[in-house]
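# Descriptive analysis of the structure
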Amino acid sequence: MRFSVGLLNEYDPNELVGIAKTVDNDKSYKNLFIADERLYKNTYAQLAIVANVTSRIGIGTGVTNPYTRHPALTAAAISTISEISDGRAILGLGAGSPMVLDQLGISQTHPIETVSSATRAIRELMEEKNVTTRAGVFSMENARLNFVSKEKIPIYIAGRGPKILSLAGKMGDGVIAGAGLASVSGMEYAKKHIQRGMEYSEINSENLDIICWAFLSIADDRDTALDSVVDIIARIVKAVPLKTLEAIGIPKKDAEVVKRIEDINMLELKEIRKTLTEEIVEQFAIVGTAEECLSHVEKLIESGVKHIAGLPFENGSYDTQEIIEKFSEEVIGEIK
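Let us look at the structure shown here. Being a predicted model, the structure only gives us computed values, none of them experimental.

Before going further, it helps to spend a moment on the side chain of Ser149. As for its position among the elements, Ser149 is in the loop between β6 (139-143) and β7 (155-159). A relative accessible area of 14% means that Ser149 is categorised as buried. A distance of 2.5 Å separates a polar atom in the side chain of Ser149 from a polar atom in the side chain of Ser82. Within polar-contact distance, the side chain of Ser149 engages the backbone oxygen of Glu151 at 2.8 Å. Non-local contacts of Ser149, meaning those with residues more than four positions away in its chain, are made with Ser79 and Ser82.

Right under this line is the structure:
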């Protein structure tokens, strides 16, 4: 069983250094991923900081996309991270989301074809090949990296929809089963679609690393833990198409209640809490007391999940670093 940590790209350098050292020194954790979300801190600058203060963990994007960053520049950036980390880089690549793209005025056209083309182009660039492609969203004309990583950089394809998960099974070195699949039923759904893609695998990966991606909030009481994640979950449910939400197991009537919210910014936490069912929350998050989080994780493990990445959200009980430490000590440490 493996565990990793995900972070939003919002931490100041000193705080990031402390978190990175904590994860690197804790053998419970395998990787540290940093998001490429909205107009926060630059992801690759933050990964460079992490690379310089760690020696063991894999480090990567969790995740970037081919709409806001040209895939050739992504190939160069992640190859740079591989170089300065002595080959520990991982590229997490997805299609982005409306929460990422809307404020930049970018339309998520042809997401499956775009991620497929980007994955292929990035992989060929990192193999020292010249690449010419026209994918609609981006193009390359005889592009070639001026340097390459000495170590292979695995590409983990991220998503929650059936087609992107199948693409991940077909083309990925690994899969990040995205936010909304952190339940037993969610991961069963994910594995079904990943397996369909693996039947047409282009890299013959029999032991594909499938990461269950979950928001993480441990607190001294459940209410405090819930308060830190319900806002982001409500925003995702509101942004994601209803058909996708139904596919991952969220009842249509429950999703529609959230989608009817006109302006989430106008709601207090207690109102958002009333709108989101506990079932929706646990589709996205491992949340509650340490005992409740342990119960959630044990259910995932019993269902066959072999890798969980937790994205910690600070709450009224603990900050990010403390949540990472508490999860290691009181959840991972208690797993039989």
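A few words on the layout of surface pockets. Taken as a whole, the largest pocket holds about 1200 Å³ of empty space. What lines the largest pocket is a set of 46 residues, and nearest its centre among them are Gly96, Ser97, Gly159, Arg160 and Val240. Of all the elements in the fold, those that place two or more residues in the lining of the largest pocket are α4 (98-101), α5 (111-126), β7, α6 (162-171), β9 (209-218), α9 (230-239) and α10 (242-247). The element contributing the most residues to the lining of the largest pocket is α9, with four residues. For the lining of the largest pocket, a count of residues per class yields 25 nonpolar, twelve polar and nine charged. Each pocket or cavity is described by its volume, and for the second largest pocket that value is around 300 Å³. As for the second largest pocket, its lining consists of 15 residues, of which Lys191, Leu208, Ile210, Gly304 and Lys306 are closest to the centre. Sorting elements by how many residues they give to the lining of the second largest pocket places helix α7 (residues 184-198) first, with five residues. For the lining of the second largest pocket, the residue count by class is six nonpolar, four polar and five charged.

Given a rise of 1.5 Å per residue, 13 residues ought to cover 18 Å, and the 18 Å separating the end C-alpha atoms of helix α14 (residues 290-302) matches this to within 8%. The set of residues buried in α14 consists of Ala290, Cys293, Leu294, His296, Val297 and Leu300. The buried residues of α14 all sit within an arc of 160° when viewed along its axis, so they share a single face. Exposed side chains of α14 directed beyond 90 degrees from the buried face belong to Glu291 and Glu302.

So, about the environment of Glu262. Mapping Glu262 onto the fold places it in the loop between α11 (252-259) and α12 (269-275). Classification of Glu262 as exposed rests on a relative accessible area of 79%. Separated by 24 residues in the primary sequence, Glu262 and Lys238 have C-alpha atoms spaced 9.6 Å apart.

What counts, and at which threshold
Residues numbered from 1 in each chain as written. Predicted model: local features only at pLDDT ≥ 70, side-chain atom pairs only at ≥ 80, totals over all residues. Heavy atoms only, no water. Helix = DSSP H or I, 4+ residues; strand = E, 2+ residues; numbered from the N terminus. Buried < 20%, exposed > 50% of the residue type's maximum accessible area, 1.4 Å probe, protein only. Polar contact = N/O pair within 3.5 Å; in protein donor to acceptor, adjacent residues only side chain to side chain. Contact = heavy atoms within 4.5 Å. 1 Å grid on protein atoms, 1.4 Å probe; cavity = no way out; pocket = protein on both sides within 12 Å on 5 of 7 lines; lining within 4 Å. Points joined across faces, edges and corners; volume = space filled by probe spheres on them. Nonpolar A, V, L, I, M, F, W, Y, C, P; charged D, E, K, R; others polar. Expected span 1.5 Å × (residues − 1). Arc of directions from axis to C-beta.

By themselves, these are just geometric observations and shouldn't be taken as functional.
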